[in-house]
Amino acid sequence: MKTLEDFTEFYNSTFSADLNVLEQERRKIAFKLLCVIAAVVCIAGVCLLIWRTRNSIHPVLIAPAVLCLSAGVVIYDFMTKRYVARFKSLVIGKIVHFIDENLNYDAEEYIDSATFMLSKIFTTKPNRYKGDDLVWGKTGATEIKFSEIKAEHESGSGKNRRHHTIFKGLFFIGDFNKHFTCETIVLPDTAEKLFGHFGQKLQSMNIFRGQLIKLEDPEFENYFVVYGDDQIQARYILSTSLMERIVEFKKKTGRVIYLSFVGSKVFVAVSYTKSLFEPRLFRTLLDFEPVREYFEDLQLAIGIVDDLNLNTRIWSKQ
Amino acid sequence: MWVLIVIGVVVLLAVVFIYNSLIAKKNQVKNVFGTIDALLKKRYDLLGNLIATVKGYMQHEKNLLREITEMRAKAVSGRMSDDEQVELDNKLSKMLGGIMVAIENYPDLKANENFMHLQRTLNELEEQISAARRAYNAAVTTYNNAVEMFPTNLAASLMGYKTKNVFEISPEQRENVDADKIFKS
């Protein structure tokens with residue numbers, strides 16, 4: 001597994017030269033965008049000034065103001081689109097290949113909503129679903145696939161319309177190293193943390209999930225609640241060492257994580273509030289800090305294979 | 001009057017609930033124990049194949065292989081108490097561990113595809129057996145809690161339910177596997 005030291009070396013030796021080329025582009029676009037923003041602000045400012053002096057909102061002035069704002073948005077979108085595509089293939093794609101050259105990257109693609117629902121982690125079906133930055137391929141003996149996902153549920157209409165975010169973050173699918181036929185879902189534990197033994201009773205009555213599976217590892221139980229349809233197979237999957245590894249992974253990320261084991265695959269959802277792998281137009285690319293962040297986010301996802309020991313193939317599944 | 005009827009119904013429902021939950025917990029223990037049995041039987045079947053495969057290669061461990069064959073025959077015959085069965089299973093687990101370590105000295109055997117497959121299957125089975133034991137311990141703990149906690153303990157004592165023992169390994173099994181010691185004994 002590549003470490004941050006390896007990446008720093010790669011950054012200093014070859015990567016920074018590529019970034020220099022892209023940095024020139026970023027500066028040009030950032031300058032043009034600043035001009036567009038300045039123009040929009042000027043026109044809007046003039047309109048506002050006229051309204052203030054006349055002391056009334058003149059309908060003739062509304063049209064240019066709105067038109068100018070919309071044009072600004074369209075130009076911004078048009079100008080950044082090409083840069084974002086270039087950035088993703090040059091920066092994100094390269095970091096992915098640096099971590100593991102057998103992996104592929106597509107900035108536009110993402111894990112579809114059917115697969116997202118197949119994981120059984122989330123019970124609410126999203127009606128607004130989008131994503132990007134799909135990485136897929138075989139690392140070691142394990143097939144993996146992950147992308148950024150934003151799944152939302154919109155309910156009501158008109159003034160009562162409400163958005164509810166089901167999940168936003170990194171969604172990972174890996175081939176699990178053991179055969180199994182059951183479904184096991186590992187969710188963050190909130191009820192037991194809040195209400196103790198009574199919370200556990202409430203969890204066992206959850207009608208949307210399978211049987212409650214109480215495991216022996218107190219630290220794991222402290223962080224997670226496990227549901228499944230087979231008490232023995234769930235323990236076969238969640239061996240004592242895997243429980244420890246999941247706890248370590250949870251501590252390492254410091255994020256809300258969900259896992260499920262369905263159809264001989266492991267699904268891992270790591271919540272993020274920020275958008276992942278997006279360029280920052282008004283910040284220099286030559287700064288190591290943001291590039292390090294991209295590396296760490298990608299490494300976190302690809303590293304799940306090592307963190308959960310998925311490449312150990314000592315069982316009949318190879 | 002109505003109040004009495006309501007109280008009566010509530011008490012009756014509580015009794016039914018406690019009674020059913022105790023039976024469900026007892027059956028869960030029985031069910032998991034059955035699975036352990038099934039998995040152990042599967043292990044005995046595999047052992048036959050394993051011994052047949054490694055016999056030709058392992059010249060220095062003939063005695064150990066003979067011993068395992070005898071143990072397997074004894075286990076399959078089914079003329080043993082539960083305690084004897086558990087003890088035999090523990091012994092077998094230890095010897096299997098020893099065989100797997102000894103295999104490092106036989107490069108030909110390590111390259112044998114049939115053996116590799118057997119080894120993987122055995123690993124899988126050992127993991128499944130361990131999972132079933134953990135499930136059994138979890139089921140017994142839930143059952144024991146119900147037998148000892150109020151108010152279910154009242155119903156449990158009326159039904160003659162007693163606490164059960166969880167699976168525990170012997171102190172010598174807690175030590176690391178020492179292949180040399182196994183083969184010398």
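This text follows the structure it describes.
Just so it is clear, the structure is predicted and the values come from calculations on it, not from any experiment. (Residues numbered from 1 in each chain as written. Chains lettered and ligands numbered in written order. Predicted model: local features only at pLDDT ≥ 70, side-chain atom pairs only at ≥ 80, totals over all residues. Heavy atoms only, no water.)

Colleague: Got a minute to help me understand the overall build of chain B in this structure?
Modeller: Helix and strand counts for chain B stand at eight helices and zero strands. N-terminal to C-terminal, the α/β element order of chain B is α-α-α-α-α-α-α-α. For 185 residues, the compact-globule formula gives about 16 Å, and the C-alpha radius of gyration of chain B, at 23 Å, lies well above that figure. Dimensions of chain B, computed from C-alpha atoms along their principal axes, come out at roughly 85 × 30 × 30 Å. (Helix = DSSP H or I, 4+ residues; strand = E, 2+ residues; numbered from the N terminus. Rg over C-alpha atoms; globule rule 2.2 N^0.38 Å.)

Colleague: Where do I start with the interface of chain A and chain B in this structure?
Modeller: Think of interface size as the accessible area that goes away when the parts come together; that is how it is often given. Counting residues at the interface gives 19 residues for chain A, matched by 14 residues for chain B. The largest contributions to the chain A side of the interface with chain B come from Ile-232, Arg-235 and Tyr-236 of chain A, which together make up 41% of the buried area. Connecting chain A to chain B are two salt bridges. A salt bridge links Glu-216 of chain A to Arg-134 of chain B, with the nearest nitrogen and oxygen atoms 2.7 Å apart. In this structure, the connection of chain A to chain B is made through four residue pairs in polar contact (both at pLDDT 80 or more). Elements represented by at least two residues in the side of chain A that touches chain B include exactly helix 7 (231–237) and helix 8 (240–253) of chain A. Of the residues assigned to the side of chain A that touches chain B, the class counts are seven nonpolar, six polar and six charged. (Contact = heavy atoms within 4.5 Å. Buried area = accessible area lost by both parts, 1.4 Å probe. Salt bridge = Lys/Arg side-chain N within 4 Å of Asp/Glu carboxyl O. Polar contact = N/O pair within 3.5 Å; in protein donor to acceptor, adjacent residues only side chain to side chain. Nonpolar A, V, L, I, M, F, W, Y, C, P; charged D, E, K, R; others polar.)

Colleague: How should the state of the cysteines be read in this particular structure?
Modeller: Linking two cysteines covalently through their sulfur atoms gives a disulfide. Residue and element names in this part refer to chain A. Summed over the entire model, instances satisfying the criterion amount to zero disulfides over all chains. Free of any disulfide, Cys-35 has its nearest neighbouring cysteine sulfur in Cys-42, separated by 11 Å. Classification of Cys-35 by relative accessible area gives partly exposed; the value is 39%. (Disulfide = S-S within 2.5 Å. Buried < 20%, exposed > 50% of the residue type's maximum accessible area, 1.4 Å probe, protein only.)

Colleague: Can you walk me through unusual backbone geometry in this structure?
Modeller: Glycine aside, the phi torsion of most residues is negative, and most peptide linkages are trans. Of the consecutive residues Phe-150 of chain B and Pro-151 of chain B, the connecting peptide bond is found in the cis state with omega at 5 degrees. The phi torsion at Lys-120 of chain A lies on the positive side, around 65 degrees, for a residue other than glycine. With respect to the element layout, Lys-120 of chain A can be found in the loop between helix 3 (113–118) and strand 2 (128–139). The class of Lys-120 of chain A is partly exposed, set by a relative accessible area of 36%.

Colleague: Help me out: how do you make sense of the packing of helix 3 (residues 82–102) of chain B against helix 5 (residues 113–148) of chain B in this one?
Modeller: Geometry of a packed helix pair, given as the angle between the helix axes and the separation of the axes. All names here are of chain B. Interaxial distance between helix 3 and helix 5 falls to 12 Å at its minimum, and their mutual angle equals 145 degrees. At the point where helix 3 passes helix 5, the crossing takes the left-handed sense. Facing helix 3, whose interface residues are Asp-89, Asn-90, Ser-93, Leu-96 and Met-100, helix 5 presents Phe-115, Gln-119, Leu-122, Glu-126 and Arg-133. Here the contact of helix 3 with helix 5 is built from residues that sort into four nonpolar, three polar and three charged. (Axes fitted to C-alpha atoms, helices over the stretch in contact; angles between N-to-C directions. Left-handed = near helix turned anticlockwise from the far one by under 90°.)

Colleague: Can you walk me through the pairing of strand 4 (residues 162–175) of chain A in this structure?
Modeller: Consecutive side chains of a regular strand alternate in pointing toward one face of the sheet and then the other. Residue and element names in this part refer to chain A. The element strand 4 is extensively covered by neighbouring structure, given that ten of its 14 residues are classed as buried. In terms of strand pairing, strand 3 (residues 142–155) meets strand 4 through twelve bridges, oriented antiparallel. Looking at the pairing, Ala-151 lines up with Phe-167 of strand 4. Connecting strand 3 to the next strand, strand 4, in antiparallel fashion are six residues, including Gly-156 with a positive phi near 75 degrees. When strand 4 meets strand 9 (residues 265–271), the two strands line up antiparallel, connected through seven bridges. Bridge assignment links Gly-174 to a residue of strand 9, and that residue is Val-266. (Pairing = 2+ DSSP bridges.)

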